[in-house]
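# Remarks on the overall topology
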Amino acid sequence: MSTEAGLKNTVLVAVGVIENAAGDIFICRRGESQHQAFKWEFPGGKVEAGESVPQALARELAEETGIRVASCQPFMRIEHDYGDKQVILDIRKVTAFDGEAHGREGQPSRWVPIPELHRYDFPAANAPIVAKLQAQAED
Ligand SMILES: Nc1nc2c([nH]c(=O)n2[C@H]2C[C@H](O)[C@@H](COP(=O)(O)OP(=O)(O)OP(=O)(O)O)O2)c(=O)[nH]1
Ligand SMILES: [Mg+2]
């Protein structure tokens, strides 16, 4: 979505923080040919023309993890400039879903306890997501 921030090369990204009954979070590793290659991520992807964020999230999570989203809530929104690319991450917490989450495109994936999330190498934009999850887990 290049119009939203008034910048060229800006993309709106629907991102899912998928939480299971144990309170663990599902993460995947990005591939070598992708922007932010080999970083760990919360699955998701670009919002396409005519899609809402929840629609894009449902589509991307079905494609990338095989789950069907049953319930999601807004979690936070982050704008970040990588220099070569500007992203707006619209992050949703996915608290109910059907199916077994897995790396459906062959990407490495795992369930991680929230207190261990900071050990993973995420894109720079993700630092506030990990911080908020860990702060909430301490409550
Ligand atoms: N999915 C996801 N993307 C993230 C995260 N953090 C972060 O900076 N990003 C950035 C990396 C990319 O520049 C952008 C996501 O776009 P993408 O290229 O993965 O989009 P997509 O899944 O539609 O992939 P593609 O069809 O273009 O291959 O957002 C994150 O936690 N999850
Ligand atoms: Mg993606």
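Reading the values: rules and limits
- Residues numbered from 1 in each chain as written.
- Chains lettered and ligands numbered in written order.
- Predicted model: local features only at pLDDT ≥ 70, side-chain atom pairs only at ≥ 80, totals over all residues.
- UniProt positions renumbered as here; feature names shortened; annotations may be inferred.
- Helix = DSSP H or I, 4+ residues; strand = E, 2+ residues; numbered from the N terminus.
- Rg over C-alpha atoms; globule rule 2.2 N^0.38 Å.
- Buried ≥ 20, exposed ≤ 12 C-beta atoms within 10 Å, placed from the backbone.
- Contact = placed C-beta atoms within 7 Å.
- Pairing = 2+ DSSP bridges.
- Expected span 1.5 Å × (residues − 1).
- Near = placed C-beta within 6 Å.
- Core = buried A, V, L, I, M, F, W, Y, C linked by C-beta atoms within 7 Å.

Taking an unreviewed UniProt entry as the reference, the chain is identified by name as 8-oxo-dGTP diphosphatase belonging to Zobellella iuensis. Here the chain is described in UniProt, under the heading Cofactor (unreviewed entry), as follows: "Mg(2+)". Per UniProt, the comment on the chain under Sequence similarities (unreviewed entry) is "Belongs to the Nudix hydrolase family."

## A short note on the overall build of the chain
Secondary structure assignment for the chain yields two helices and seven strands. Reading the secondary structure of the chain in the N-to-C direction produces β-β-β-β-α-β-β-β-α. Over its C-alpha trace the chain gives a radius of gyration of 14 Å, about what one expects of a compact globule, namely 14 Å for 139 residues. When its C-alpha atoms are laid out on the principal axes, the chain stretches across 40 × 30 × 30 Å. Taking all 139 residues of the chain together, 29% fall into the buried category. Taking all contacts inside the chain whose residues are at least 6 apart in sequence as the whole, residues at least 24 apart take part in 64%.

## Describing the pairing of strand β5 (residues 68-81)
Every other side chain in a regular strand lies on the same face of the sheet, so the side chains alternate between the two faces. Here β5 pairs with strand β6 (residues 86-98) via 12 bridges, running antiparallel. The residue bridging Ile78 from the neighbouring strand is Leu89, located in β6. Hairpin connection between β5 and β6: a loop of four residues separates the two successive antiparallel strands, and Gly83 in this loop has a positive phi of roughly 90°.

## Section: helix α1 (residues 53-65)
With 13 residues, α1 should reach 18 Å at 1.5 Å per residue; the first-to-last C-alpha distance of 17 Å fits that figure. Taken residue by residue, α1 has Ala56, Leu57, Ala58, Glu60, Leu61, Glu64 and Thr65 as its buried positions.

## Considering the site of ligand 1
What surrounds ligand 1 is a group of 18 residues, the closest being Glu41, Gly44, Gly45, Lys46 and Pro123. Those elements that provide at least two residues to the shell around ligand 1 are β1 (10-18), β4 (44-46) and β6. Sort the elements by how many residues they give to the shell around ligand 1 and β4 lands first, with three residues.

## With respect to the sheet that holds strand β3 (residues 40-41)
Read from one edge to the other, the open sheet built from three strands follows the order β3-β2-β7, with strand pairing classed as antiparallel. The open sheet has two edge strands with one neighbour each: β3 and β7 (109-112).

## Quick word on the nonpolar core
In terms of nonpolar packing, the biggest core is built from 30 residues, with Val13, Val17, Ile18, Ile25, Leu57 and Val69 touching the most fellow members. If you list the elements that add at least two residues to this core, you get β1, β2 (25-29), α1, β5, β6 and α2 (127-138). Leu57 has contacts with Ala14, Gly16, Gly44, Val69, Cys72 and Arg92, leaving out every residue within four places of it along the chain.

## Structural notes on the environment of Asn126
Along the chain, Asn126 turns up in the loop between β7 and α2. With 48 residues separating them along the chain, Asn126 and Ile78 place their C-alpha atoms 8.3 Å apart.

## Brief notes about the UniProt feature "domain: Nudix hydrolase" (unreviewed entry) in the chain
Taking the UniProt record as the reference, the feature "domain: Nudix hydrolase" (unreviewed entry) is found at residues 8-136. Structurally, residues 8-136 is divided into 18% helix and 39% strand, and its ends, taken at the C-alpha atoms, are 35 Å apart.

## Thoughts on unusual backbone geometry
A positive phi angle, near 60°, is found at Gln36, a position not held by glycine. As for its position among the elements, Gln36 is in the loop between β2 and β3.

## Here we look at the pairing of β6
In this sheet, β6 lies alongside β1 in parallel orientation, the contact comprising nine bridges. By the bridge assignment for β6, Val13 is matched with Leu89.

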